[in-house]
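# Summary of structural features
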Amino acid sequence: MKHKLIDVASVIRSKNSGPYELTFDVIFKDVEMYEKVKRRAIFNEKMFAELYLIPESEVMGVVHFDPAKAIKITIVRPIPSGALGETDVYGAQQHSPLMKLEFEL
Amino acid sequence: MDELRVLSPTAILGYGFPMESFEEGMKRMPHVIAVDAGSTDPGPYYLGAGKSFTDNNSVKRDLEIMIPAALEANIPVIIGTAGGSGARPHVELTLKLIKEIALQKGLNFKLAVIHSELDKEQVRKKLREGDIKPLPPAKEMTEKNLDEAVHIVAQMGEEPYIHALEEGADVILGGRSYDPSLFAALAIKNGFDKALALHMGKILECAAIAALPGSGSDSMFGYLQRDGFILEPLSPVRKCTPLSIAAHTLYEKSNPYILPGPGGALDLHACTFTPVDDNKVKVCGTKFVPTEEYFVKLEGVRHVGFRTISCAGVMDPVMISKIDEITHEVKKRVENNFVNYGIRDFFLDFKVYGRNGVSLFEKNSKSERTVKGEEEYKSDELLVIIEAVADTQEQANTICGFARSTLLHHGYEGRVATAGNLAFPFSPSDAEMGKVFEFNIYHLMKMDDPLSLFPATFMEFSHGEINQKQRNEYET
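Residues numbered from 1 in each chain as written. Chains lettered and ligands numbered in written order. Predicted model: local features only at pLDDT ≥ 70, side-chain atom pairs only at ≥ 80, totals over all residues. Heavy atoms only, no water.

### Here's the deal with the overall build of chain B
When its secondary structure is counted, chain B shows 15 helices and 20 strands. Taken along its principal axes, the extent of the C-alpha atoms in chain B is 80 × 55 × 50 Å. Split into buried and exposed, the 476 residues of chain B put 57% on the buried side. Here chain B has roughly 20,000 Å² of accessible surface; of this, 51% comes from carbon and sulfur atoms. Of the charged side chains in chain B, 51 are positive and 67 negative; the average position of the first set lies 2 Å away from that of the second. (Helix = DSSP H or I, 4+ residues; strand = E, 2+ residues; numbered from the N terminus. Buried < 20%, exposed > 50% of the residue type's maximum accessible area, 1.4 Å probe, protein only. Areas by Shrake-Rupley, 256 points an atom, 1.4 Å probe, with all protein chains shown as cover. Lys, Arg positive; Asp, Glu negative; His and termini not counted. Charge placed at Lys NZ, Arg CZ, Asp CG, Glu CD.)

Here it is, written out as structure tokens:
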């Protein structure tokens with residue numbers, strides 16, 4: 001069955017983690033869905049690299065954090081925060097591809 | 001002592017807090033009031049320019065409440081990462097506000113000022129000794145990085161704060177700090193578990209952001225006990241839940257299980273989050289894993305140039321469909337126009353909102369759309385921000401102004417509307433943005449003594465005035 005991430009998550013966000021990294025949090029509404037997504041490894045380096053069209057080597061980590069039924073993905077920031085060419089100094093609006101994400105369970 | 005209580009009035013000094021929440025906090029008889037005043041989030045400009053991203057009046061308002069209340073309760077106030085970035089000018093900026101408050105209110109107290117700005121040569125020596133390593137994805141430090149750096153700060157741990165407390169400081173004004181350290185210093189000094197103290201600080205430094213509903217301008221209270229710590233929001237409209245506290249651990253961090261800081265990392269693998277009453281949460285099980293050697297984090301920026309921008313709207317459908325070609329042609333024209341005039345080294349960018357202007361992955365997502373054969377542009381209107389960065393403000397003005405006039409009258413292929421291509425909302429159309437900085441130092445530096453980088457100066461205020469002898473000593 002196909003699910004939209006925006007339907008099953010209560011929080012989807014992006015933010016700098018220091019000037020050189022960008023980190024994404026997905027917090028699920030309920031434990032069951034979180035567990036299923038975790039078990040099937042829906043979120044992984046390859047999938048995230050494809051979603052953001054970046055090399056897989058730029059994905060620094062995908063961590064499942066049970067206490068918050070959350071998944072955290074951290075990537076290398078395309079440019080350091082505030083460098084020439086910047087469009088989002090805080091990195092707070094880079095989550096939108098995740099909002100359109102659909103996955104099969 | 002079985003419990004150490006910490007009041008965190010607000011997430012960032014100057015973001016404010018309701019008086020009711022602060023008073024609730026004081027009723028709980030805190031042992032210390034601590035507040036974080038900074039962040040690298042607002043970008044490299046503030047560290048470079050020596051300015052704060054918070055407003056002076058807002059900072060003064062918060063301090064004017066916190067300092068007298070703490071002095072009356074005979075507890076210390078600790079301010080970390082003063083002035084937003086914690087370099088010397090930022091600390092001086094906040095020091096000036098504290099002096100004003102002291103004078104206006106005739107306060108008596110001992111102030112400790114702890115600087116965290118490093119001398120370049122001090123860092124160079126460490127670099128040559130091989131004591132500096134990058135924080136990936138930042139690259140290895142070079143001597144050029146150091147030559148170009150405008151301000152370099154190091155993040156202090158709890159040690160300089162403990163030292164200031166031992167010296168009897170009532171108010172401690174600190175430079176760049178690892179945020180949890182200012183909340184944890186008094187507890188660690190009193191023999192509480194370092195892991196729990198730092199983890200509690202990690203949450204308290206954002207005040208009520210970890211509550212539900214979250215707020216960066218409301219207070220939070222922490223009760224550190226021997227086996228864990230309890231968090232309580234101070235406004236009746238907020239609650240801490242196990243989920244809100246656990247979720248906060250994710251915030252702005254790369255890995256929620258391992259939170260590195262000076263001298264070691266917090267390990268959250270064994271943490272439990274348990275509800276207490278209906279608005280409090282108890283956290284247990286945090287571990288501190290020290291690193292073999294003691295490292296502090298360095299932050300530095302370099303001056304890149306000066307920026308001028310011009311903002312303009314577009315709603316011509318022909319122009320919208322050709323916007324990439326048009327900006328490309330204009331860029332070429334600008335380069336060509338000044339190549340023999342001597343302005344060659346500049347950065348010219350067109351940020352096109354309504355067309356992937358926000359995404360940091362712009363190039364990627366555009367090619368994806370092309371591959372998928374999707375419609376490239378869907379917007380009826382675009383906002384174009386012309387940005388020029390050059391060695392001087394005058395050159396940046398020249399490049400931006402020329403790009404603006406060229407874009408305004410550019411005769412692109414298929415043009416129907418021949419009067420002008422841009423809708424300017426403002427006159428003048430161009431704005432000087434001043435100096436531009438970039439982060440160029442984000443490294444770890446090995447230290448033998450966690451105190452040695454962060455010298456403290458003490459000042460006695462009597463009826464709001466500093467003893468003249470001490471003032472001279474400080475100024476020299």
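### What to know about the overall build of chain A
Within chain A, the secondary structure is distributed over four helices and six strands. In sequence order, chain A lays out its α and β elements as β-α-β-β-α-α-β-β-α-β. Here chain A has a C-alpha radius of gyration of 14 Å; the compact-globule value for 105 residues is 13 Å, and the two agree. Expressed as lengths along the three principal axes of its C-alpha atoms, the size of chain A is roughly 45 × 25 × 20 Å. Residue burial in chain A is summarised as follows: out of 105 residues, 55% are buried. For chain A, the proportion of contacts with a sequence separation of at least 24, taken over those separated by at least 6, is 60%. Element-wise, carbon and sulfur atoms account for 53% of the exposed surface of chain A, whose accessible area totals about 4,500 Å². Positive and negative side-chain charges of chain A, numbering 14 and 15 respectively, have mean locations separated by a distance of 4 Å. (Rg over C-alpha atoms; globule rule 2.2 N^0.38 Å. Contact = heavy atoms within 4.5 Å.)

### Describing the environment of Phe361(B)
Inspection of the secondary structure assignment puts Phe361(B) in the loop between strand E16 (347-353) and helix H13 (362-372). A residue is classified by how much of its surface remains accessible, and Phe361(B), at 5% relative accessible area, is buried. Contact partners of Phe361(B), with chain neighbours within four places excluded, come to Leu22(A), Tyr52(A), Ile54(A), Ile75(A), Pro78(A) and Gln94(A).

### Quick word on the sheet that holds strand E2 (residues 9-16) of chain A
Sheet strands pair by backbone hydrogen bonding; their relative direction is either parallel or antiparallel. Residue and element names in this part refer to chain A. Spatially, the four strands line up as an open sheet ordered E2-E3-E5-E4, and their pairing is antiparallel. Edge positions in the sheet fall to E2 and strand E4 (59-65), since each of these pairs with one other strand and no more. Across this sheet, the average inter-strand angle for adjacent strands is 10°, counted without regard to direction. Running at roughly 120° to E4, helix H3 (residues 45-52) makes contact with strand E3 (21-28), E4 and strand E5 (70-76) of the sheet. (Pairing = 2+ DSSP bridges. Axes fitted to C-alpha atoms, helices over the stretch in contact; angles between N-to-C directions.)

### A word on the interface of chain B and chain A
In this assembly, 43 residues from chain B lie in contact with 43 residues from chain A. Taking both sides of the interface into account, the surface hidden between chain B and chain A amounts to around 3,500 Å²; carbon and sulfur atoms contribute 66%. A per-residue breakdown of the area chain B buries against chain A is headed by Leu250(B), Leu360(B) and Phe361(B), which together make up 20% of the total. Here chain B and chain A share one salt bridge between them. Note that Asp41(B) and Lys15(A) form a salt bridge whose closest N and O atoms lie 2.9 Å from each other. On inspection of chain B and its partner chain A, the count reaches 12 residue pairs in polar contact (both at pLDDT 80 or more). At the level of elements, helix H10 (242-248), strand E15 (294-314), E16, H13 and strand E18 (430-447) of chain B are the ones that each hand at least two residues to the side of chain B that touches chain A. Ranked by residues supplied to the side of chain B that touches chain A, first place goes to E18(B) with seven residues. Broken down by class, the residue content of the side of chain B that touches chain A amounts to 25 nonpolar, 10 polar and eight charged. (Buried area = accessible area lost by both parts, 1.4 Å probe. Salt bridge = Lys/Arg side-chain N within 4 Å of Asp/Glu carboxyl O. Polar contact = N/O pair within 3.5 Å; in protein donor to acceptor, adjacent residues only side chain to side chain. Nonpolar A, V, L, I, M, F, W, Y, C, P; charged D, E, K, R; others polar.)

### Focus on the pairing of E18(B)
Residue and element names in this part refer to chain B. In this sheet, E18 lies alongside strand E5 (residues 132-134) in antiparallel orientation, the contact comprising three bridges. Directly across from isoleucine 132, in E18, lies its bridge partner methionine 445. Note that E15 and E18 share 16 bridges and pair antiparallel. Bridge pairing in E18 places phenylalanine 306 opposite lysine 435.

### Details of the confidence of the model for chain B
A residue-level look at chain B finds 95% of positions with pLDDT of 70 or above and a mean pLDDT of 94. This complex was scored by the predictor with a pTM of 0.94 and an ipTM of 0.94. (pLDDT = per-residue confidence, 0-100.)

### Regarding the packing of helix H12 (residues 323-338) of chain B against helix H14 (residues 393-409) of chain B
Residue and element names in this part refer to chain B. Two elements in contact, H12 and H14, have axes whose closest approach is 10 Å; the angle formed by their N-to-C orientations is 130°. The angle between H12 and H14 places the two elements in the oblique class. Crossing angle aside, the handedness with which H12 passes H14 is right-handed. The residues of H14 that touch H12, namely those facing Ile326, Val330, Arg333, Val334, Asn337 and Phe338, are Thr398, Ile399, Phe402, Ala403, Thr406 and Leu407. (Parallel < 35°, antiparallel > 145°, perpendicular 65-115°, else oblique. Left-handed = near helix turned anticlockwise from the far one by under 90°.)

### Quick look at the packing of aromatic side chains
Residue and element names in this part refer to chain B. Applying the stated criterion to the full structure yields 15 aromatic pairs over all chains. Looking at lysine 110, its charged tip hangs above the ring of phenylalanine 458, at a distance of 5.1 Å from the centre. Over the ring of phenylalanine 192 we find arginine 226; its NZ or CZ atom is 4.0 Å from the centre of that ring. (Phe/Tyr/Trp six-rings, centres within 6.5 Å; stacked < 30°, edge-to-face > 60°. Lys NZ or Arg CZ within 6 Å of the ring centre and 35° of its normal.)

### Details of the domain arrangement of chain B
If you check the domain split of chain B, you get domain 1 (3-299 + 443-475) and domain 2 (316-422). Summarising the inter-unit geometry, the C-alpha centres of domain 1 of chain B and domain 2 of chain B are found 43 Å apart. (Domains from an automatic or database assignment.)

### Structural notes on the pairing of E3(A)
All names here are of chain A. Across the eight residues that make up E3, a large majority, eight, are buried. The side-chain alternation of E3 yields two buried faces, one formed by Glu21, Thr23, Asp25 and Ile27 and the other by Leu22, Phe24, Val26 and Phe28. In the sheet, E2 pairs with E3 via seven bridges, with the strands oriented antiparallel. Counted as the bridge partner of serine 14 is phenylalanine 24 from E3. In sequence, E2 turns back onto E3 through a hairpin of four residues, with glycine 18 there showing a positive phi of about 75°. Relative to E5, E3 is paired through seven bridges, and the arrangement is antiparallel. By the bridge assignment, threonine 23 is partnered in E5 with threonine 74.

### Examining the pattern of salt bridges
All names here are of chain B. Under the defined criterion, the tally for this structure stands at 40 salt bridges over all chains. Between arginine 302 and glutamate 148 there is a salt bridge; the shortest N-O distance is 3.8 Å. Of this pair, arginine 302 sits in strand E15 while glutamate 148 is found in helix H6 (residues 143-148), placing the two residues 154 residues apart along the sequence. Each of Glu24, Lys27, Arg28, Glu232, Asp277 and Lys280 takes part in a single network of salt bridges with overlapping partners.

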